[in-house]
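Below, each chain spelled out in residue letters.
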Amino acid sequence: MGLIFDIKRYAINDGPGIRITIFMKGCPLSCVWCHNPEGLSSRKQKLYTKKKCIGCRTCVDNCPQKALSLTPDGVVTDRSLCDLCGKCAELCPAMAMEISGTEYSIDYLIHEIEKETVFMDRSEGGVTFCGGEPLQHPDMLLEMLRRCGELGIHRAVDTTLLAVPEVVRKVMEHSELFLVDLKHMDTVKHKLYCGVPNELILSNLRMVAEAGHEFHIRIPLIEGVNADEENITRSAEFLASLPWQHHTVNLLLYHDIGKNKHEKLGTIYNPDHYPMATPSEEVVQRSVDIFHKYGIEVMIGG
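Calculation notes
Residues numbered from 1 in each chain as written. Predicted model: local features only at pLDDT ≥ 70, side-chain atom pairs only at ≥ 80, totals over all residues. Heavy atoms only, no water. Domains from an automatic or database assignment. Contact = heavy atoms within 4.5 Å. Buried area = accessible area lost by both parts, 1.4 Å probe. Salt bridge = Lys/Arg side-chain N within 4 Å of Asp/Glu carboxyl O. Polar contact = N/O pair within 3.5 Å; in protein donor to acceptor, adjacent residues only side chain to side chain. Helix = DSSP H or I, 4+ residues; strand = E, 2+ residues; numbered from the N terminus. Nonpolar A, V, L, I, M, F, W, Y, C, P; charged D, E, K, R; others polar. Core = buried A, V, L, I, M, F, W, Y, C linked by side-chain atoms within 4.5 Å. Buried < 20%, exposed > 50% of the residue type's maximum accessible area, 1.4 Å probe, protein only. Expected span 1.5 Å × (residues − 1). UniProt positions renumbered as here; feature names shortened; annotations may be inferred. Phe/Tyr/Trp six-rings, centres within 6.5 Å; stacked < 30°, edge-to-face > 60°.

Moving on, we come to the domain arrangement of the protein chain. Once the domains are mapped, the protein chain shows domain 1 (2–32 + 102–300) and domain 2 (45–100). The gap between the C-alpha centroids of domain 1 and domain 2 is 33 Å. Listed as interface residues are five residues of domain 1 and, on the opposing side, eight residues of domain 2. In this assembly, domain 1 packs against domain 2 so that about 620 Å² is buried in total across both faces, 49% of it on carbon and sulfur atoms. Considering only the surface of domain 1 that becomes buried against domain 2, Lys 25, Lys 264 and Leu 265 emerge as the three largest contributors, covering 82% of it. For the pair domain 1 and domain 2, the interface holds zero salt bridges. Where domain 1 packs against domain 2, one counts two residue pairs in polar contact (both at pLDDT 80 or more). It is helix H10 (residues 258–265) that provides the largest number of residues to the side of domain 1 that touches domain 2, a total of three residues. Its residues placed into classes, the side of domain 1 that touches domain 2 shows two nonpolar, no polar and three charged.

Structure representation (structure tokens):
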């Protein structure tokens, strides 16, 4: 059994073709801009959208643990009583309550993946395992990758590459593609913004490149964090030093979609108030020019 927080069908930005993307819960990083904060924790979580709530008391009156109360500020959960049974989300007529994290068996997930093969085959798509961080669940991930391989399904893993090299090597053996975010080249700043240093990530990326495994690089471009000329130059230098056939990076321009999800979770987006902004056209073009100087093509978005 594994804890999954989303299954996205007809995905077109998670690898080639039309794909089904499986989102596994839990991540060792804590990027302040994370747009899937419900994927950070490896446990079930409750999300509440106040603007959807119609104040009908259905959740309050039917909570087995009596953990909910209706206040002028909406429904409040006593987390010392709530056992995340999901009854509130099941009964809420306005879908203001959600439970992030559902336990699924590998057999169930493989069945759901198989149902999408007609779209995969027509578009040369496949399955993408995402998160959170799928490498945090190596046993489950490897079993699903093996079974998808037996079915002839193209397998991509969207990963931070923060894992012991042995796990990375095993996952390489049972996948066709890695999708890797390169967040910052300076390890001190990487730890500041992402909660962990980057030495293992960069070492694993070099190992993946030297093994000849296909990977795509995506850089979340954030003004105030990593869009400065020095970091982009260091990123280009590092990528140009790899034995890499693809030589294209996707620049993902910053957005704060994660802010709304933090509100639903009852947590705080960017609690230390780091300055973050969508990069200007000038900064984007400067970044593109730097990558071109090192022989690396650039795509915006994707």
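Turning our attention to the nonpolar core. Ranked by internal contacts, the top residues of the largest apolar core, which has 55 residues, are Ile 113, Phe 178, Ile 217, Leu 239 and Phe 291. It is helix H5 (residues 138–150) that contributes the most residues to this core, six residues altogether. Not counting residues within four places of it along the chain, the set of residues in contact with Phe 178 comprises Val 157, Thr 159, Leu 161, Val 168, Val 171, Met 172, Val 208, His 213, Glu 214, Phe 215 and His 216. Judged by nonpolar contacts, the second largest core, of 16 residues, contains Trp 33, Tyr 193, Ile 201 and Tyr 254.

A separate point is H5. Given a rise of 1.5 Å per residue, 13 residues ought to cover 18 Å, and the 18 Å separating the end C-alpha atoms of H5 matches this to within 8%. The complete set of buried residues in H5 reads Met 140, Leu 141, Leu 142, Met 144, Leu 145 and Cys 148. Of the residues trailing H5, Gly 152 is marked for its positive phi of about 75°.

According to UniProt, the feature "domain: Radical SAM core" (unreviewed entry) maps to residues 13–297 in the numbering used here. Structurally, residues 13–297 comprises 35% helix and 19% strand, and the distance from its first C-alpha atom to its last is 18 Å.

Okay, the packing of aromatic side chains next. Taken as a whole and assessed by the stated rule, the structure comprises five aromatic pairs. Both rings, one in Phe 5 and one in Phe 23, keep their centres 5.4 Å apart while their planes meet at 55°; by these two values the pair is tilted. Residue Phe 5 is found in strand E1 (residues 2–11), and its partner Phe 23 is found in strand E2 (residues 19–24); the two are separated by 18 residues along the sequence. With respect to class, Phe 5 is no different from Phe 23; both count as buried.

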